[in-house]
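Read off the chains here:
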Amino acid sequence: MTVSGAWERTARGAMLLGSNGQLRPTIFAEMSALATATGAINLGQGFPDEDGPIEVLDAARRAITDGFNQYPPGLGYPVLREAIAAHQKRFYGMNPDPDREVLVTAGATEALAATILALVEEGDEVVTLEPFYDSYAAIIALSRGVHRTVALRAPDFQPDPDELRQVVGDRTRLILINNPHNPTGAVLSREFLELVVELAHRHDAIIVTDEVYEHLTFGTGHLPIATLPGAWERTVTISSGGKTFNTTGWKIGWLTAPNRLLEPILSVKQFLTYVNGAPFQPAIAVGLGLPDAFFTGIAAGLQRKRDVLSAGLTKAGFAVSRSSGSYFVVADAAPLGFTDAAALCRQLPELAGVVAVPISAFVSDENKGEYASLLRFAFCKHVDVLERASAQLADLRR
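Reading the values: rules and limits
- Residue numbering note: each chain is counted from 1, following its sequence as written.
- The predicted nature of this model means local features are confined to residues of pLDDT at least 70 and side-chain atom pairs, given and counted, to a pLDDT of 80 or more, with totals for whole chains, interfaces and linings taken over all residues.
- Based on all heavy atoms of the structure, the side-chain values leave hydrogens and waters out of the count.
- Helix and strand definitions follow DSSP, with helices as H or I runs of at least four residues and strands as E runs of at least two, each counted in order from the N terminus.
- Here the globule rule is a power law, 2.2 Å times the number of residues to the power 0.38, and the radius of gyration is based on C-alpha atoms.
- We call a residue buried when its accessible area falls under 20% of the maximum for its residue type, exposed when it is over 50%, and partly exposed in between, using a 1.4 Å probe and counting protein chains only.
- All accessibility values rest on the Shrake-Rupley procedure with a 1.4 Å probe; residue burial counts only the protein chains present in the view.
- For this count, His and the chain ends are skipped, Lys and Arg are scored as positive, and Asp and Glu as negative.
- To locate a charge, take atom NZ for lysine, CZ for arginine, CG for aspartate or CD for glutamate.
- UniProt positions are given in the numbering used here, feature names are shortened, and annotations may be inferred rather than shown by experiment.
- Pairs of strands are assigned from DSSP output, requiring at least two bridges between the strands.
- Orientation is described by lines fitted to C-alpha atoms, with helices fitted over the stretch in contact, and by angles between N-to-C directions that extend from 0 to 180 degrees.
- The contact criterion used is simple: two residues touch if any of their non-hydrogen atoms lie within 4.5 Å.
- Here a pair means two rings of Phe, Tyr or Trp (six-membered ring of Trp) with centres within 6.5 Å. Their orientation is stacked below 30 degrees between planes, edge-to-face above 60, and tilted elsewhere.
- In our convention, an over-ring charge means Lys NZ or Arg CZ found within 6 Å of a ring centre and within 35 degrees of that ring's normal.
- Here, a salt bridge means any side-chain nitrogen of Lys or Arg that lies within 4 Å of a carboxyl oxygen of Asp or Glu.
- An expected span of 1.5 Å times one less than the residue number is assigned to each helix.
- Note that the domain bounds were set by an automatic or database domain assignment.
- The term buried area means the drop in 1.4 Å probe accessible area that two parts suffer when joined, counted for both and summed.
- Contacts described as polar in this section are N or O atom pairs within 3.5 Å, which, within protein, must combine one atom able to donate a hydrogen with one able to accept it, while residues neighboring in sequence count only if both atoms come from side chains.
- Throughout, nonpolar core names a set of buried Ala, Val, Leu, Ile, Met, Phe, Trp, Tyr and Cys residues whose side chains join them through atoms within 4.5 Å.

Details of the overall build of the chain
Reasoning step 1: Across its full length, the chain holds 13 helices and 13 strands.
Reasoning step 2: Relative to the globule expectation of 21 Å for 398 residues, the C-alpha radius of gyration of the chain, 20 Å, shows essentially globular dimensions.
Reasoning step 3: Here the C-alpha coordinates of the chain stretch approximately 60 × 50 × 45 Å along the principal axes.
Reasoning step 4: Within the chain, buried positions represent 59% of all 398 residues.
Reasoning step 5: In the structure as shown, the chain presents an accessible area of about 15,900 Å², 51% of it carried by carbon and sulfur atoms.
Reasoning step 6: The centroid of the 34 positive side-chain charges in the chain is displaced by 2 Å from the centroid of its 44 negative side-chain charges.

Laid out in structure tokens, this is it:
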């Protein structure tokens, strides 16, 4: 069977294929290539333009010198697993066993892939919020699961509890929650998370949480769903060091879960990357142990950047939603007369020397119309870059 044929037989394969039946490049690859080709400011892909803390970078150099250059253990180096467990206890009061309930992965994306492939069988339903990070649909398709969604709508992008009640049912295998949320910047309420736990118990579903922006919230602390009553025993909590420590290229992620859930995930993970990032694992362990001032400082610095870009987008004529977390802010181009954000994104380098990503890239084909005029901008850049981008975007009003 051809690759495209395999995709076409999956529940969401069609949205991952171009008109010629070949796998499409991701929107991030397309927009980043456009930024490189045109010299435009890349506010499309969510990667910082500065390195992380020197303590973490120096720890990676030491690890290379000290011989951390061969395969780590399958679960990950003990020093990182112990640091992850200590981090969960320090910030959230959780107590995962570093030897049985912590798994190091090749970024959060591999943790998600291994989890979905391990726990979903053909025909099982996986519920996510929509818009959703594009890899969710791809991995659900590969698992031959059925993707169901709960809409997040502008301007506040908070889910409707009644819609969640309607979507989650006895065929639901996983409820996958991304919080803080990419691409909208929403932070989910405690009440909504409690409803997720209630429905998971009622329908015997497993909760999977993507929490990679856990330390990047503005004005409110992060609440892991696994800390809620009755949640731990049926929750896989996923995070990574890339966003927190500005090391997105290192691809060091992890998950914590009860051993009964971790074991099947590990069985799949060993046939994906097996292991990865040997010298970076001790370095991320150092990062997880940094003082509280580091973690509050990165959130405060990013909040300032959010405010700079949000103000610039508003001045340029966009209707801007308030971001409560993550790297991203959503802007509506309709007030400027642009109703097709995907077309606008391909024109923005010429019009304003800036690259963004259309929100329609994060939704299923049948729902693209509801998000057609919305764009996602990344503000994890130097302030002067954001100020320059804002000035250039102001030309759209002229």
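Side note on the UniProt feature "domain: Aminotransferase class I/classII large" (unreviewed entry) in the chain
Reasoning step 1: Per the UniProt entry, the sites bearing "domain: Aminotransferase class I/classII large" (unreviewed entry) are residues 40-379 in this numbering.
Reasoning step 2: Secondary structure content for residues 40-379 is 37% helix and 17% strand, and the end C-alpha separation is 15 Å.

Some details on the sheet that holds strand 3 (residues 125-130)
Reasoning step 1: Ordered in space as 2-8-7-6-5-3-4, the seven strands form an open sheet in which the pairing is mixed. Single-partner strands in this sheet number two, and they are strand 2 (102-106) and strand 4 (146-151). Between one strand axis and the next, the sheet turns through 25° on average, direction left out of account.
Reasoning step 2: Bridging between strand 7 (residues 235-240) and strand 8 (residues 252-256) involves four bridges; their strand directions are antiparallel. From the neighbouring strand, Ile 238 faces strand 8, where its bridge partner is Leu 255.
Reasoning step 3: Against the sheet, helix 4 (residues 78-92) touches strand 2, strand 7 and strand 8, its axis set at about 115° to strand 2.
Reasoning step 4: In the packing of helix 10 (residues 280-288) onto the sheet, contacts are made with strand 2 and strand 8, and the angle to strand 8 comes to roughly 65°.

Notes on the packing of aromatic side chains
Reasoning step 1: Within the structure shown, the criterion is met by 14 aromatic pairs.
Reasoning step 2: For the ring pair Tyr 133 and Tyr 136, a centre distance of 6.1 Å and an interplane angle of 80° mean the geometry is edge-to-face.
Reasoning step 3: Taking relative accessible area as the criterion, Tyr 133 reaches 24% and is therefore assigned partly exposed.
Reasoning step 4: One aromatic cluster is present, formed by Phe 91, Tyr 92, Phe 245, Phe 294 and Phe 295 through successive ring pairs.
Reasoning step 5: In this structure, Arg 376 is placed above the aromatic ring of Phe 328, and the distance from its NZ or CZ to the ring centre is 3.6 Å.
Reasoning step 6: Positioned above the aromatic ring of Phe 47, the side-chain terminus of Lys 381 is 3.8 Å from the ring centre.

Considerations on the side chain of Glu 211
Reasoning step 1: Its location among the elements puts Glu 211 in the loop between strand 6 (206-210) and strand 7.
Reasoning step 2: Nearest to the buried, unbridged Glu 211 among oppositely charged side chains is Arg 190, at 12 Å.
Reasoning step 3: Contact partners of Glu 211, with chain neighbours within four places excluded, come to Asn 179, His 222, Pro 224, Ile 225, Thr 237, Ile 238 and Ser 239.

Some words on the pairing of strand 2
Reasoning step 1: With five of its five residues buried, strand 2 lies for the most part within the structure.
Reasoning step 2: Sheet analysis places strand 2 next to strand 8, joined by five bridges and oriented antiparallel. When the bridges of strand 8 are listed, Val 104 appears paired with Trp 254.

Considerations on helix 11 (residues 292-316)
Reasoning step 1: With 25 residues, helix 11 should cover 36 Å at 1.5 Å per step; its first-to-last C-alpha distance of 37 Å lies within 8% of that length.
Reasoning step 2: Remark: Gly 317 follows helix 11 within two positions and exhibits a positive phi of approximately 110°.

Quick word on the domain arrangement of the chain
Reasoning step 1: The domain architecture assigned to the chain consists of domain 1 (6-51 + 294-395) and domain 2 (54-289).
Reasoning step 2: With 41 residues of domain 1 in contact, the opposing surface of domain 2 contributes 44 residues.
Reasoning step 3: Taking both partners together, domain 1 and domain 2 bury about 3,400 Å²; carbon and sulfur atoms supply 64% of that area.
Reasoning step 4: On the surface where domain 1 and domain 2 come into contact, there are one salt bridge.
Reasoning step 5: One salt bridge connects Glu 370 with Arg 153, and the closest N-O pair in it is separated by 2.7 Å.
Reasoning step 6: The tally of links from domain 1 across to domain 2 stands at 14 residue pairs in polar contact (both at pLDDT 80 or more).
Reasoning step 7: Of all elements in the fold, only helix 11, strand 10 (328-332) and strand 13 (374-378) reach the threshold of two or more residues within the side of domain 1 that touches domain 2.
Reasoning step 8: A per-element tally of the side of domain 1 that touches domain 2 places helix 11 first, with seven residues.

Thoughts on the nonpolar core
Reasoning step 1: Formed by 93 residues in total, the largest nonpolar core has its most connected members in Val 236, Leu 255, Phe 318, Leu 348, Leu 375, Phe 377 and Leu 393.
Reasoning step 2: With eight residues, helix 11 is the single largest residue contributor to this core.
Reasoning step 3: The residues that make up this core include at least three from each of domain 1 (6-51 + 294-395) and domain 2 (54-289).
Reasoning step 4: For Phe 318, the residues in contact, after removing those within four places along its chain, are Leu 313, Ala 331, Asp 332, Ala 333, Leu 336, Leu 375, Phe 377, Leu 393 and Leu 396.

Some thoughts on the sheet that holds strand 10
Reasoning step 1: Strands sit in the order 9-10-13-12 across an open sheet of four strands; the sheet is antiparallel. Each edge of the sheet is formed by a strand with only one pairing partner; in this case those strands are strand 9 (319-320) and strand 12 (357-358).

Considerations on the pattern of salt bridges
Reasoning step 1: Under the criterion given, the structure shown has 15 salt bridges.
Reasoning step 2: Between Arg 61 and Asp 58 there is a salt bridge, with the nearest N and O atoms lying 2.6 Å from each other. Linking Arg 61 with Asp 58, this pair stays in helix 3 (residues 54-65), spanning three residues, or about one helical turn.
Reasoning step 3: Within this structure, Arg 153, Glu 163 and Glu 370 form a network of salt bridges that share partners.

Re the pairing of strand 10
Reasoning step 1: Counting buried residues in strand 10 gives four out of five residues, a clear majority hidden from the surface.
Reasoning step 2: For strand 10 and strand 13, the ladder comprises five bridges, and the chain directions are antiparallel. Residue pairing in the sheet places Asp 332 in a bridge with Leu 374 of strand 13.

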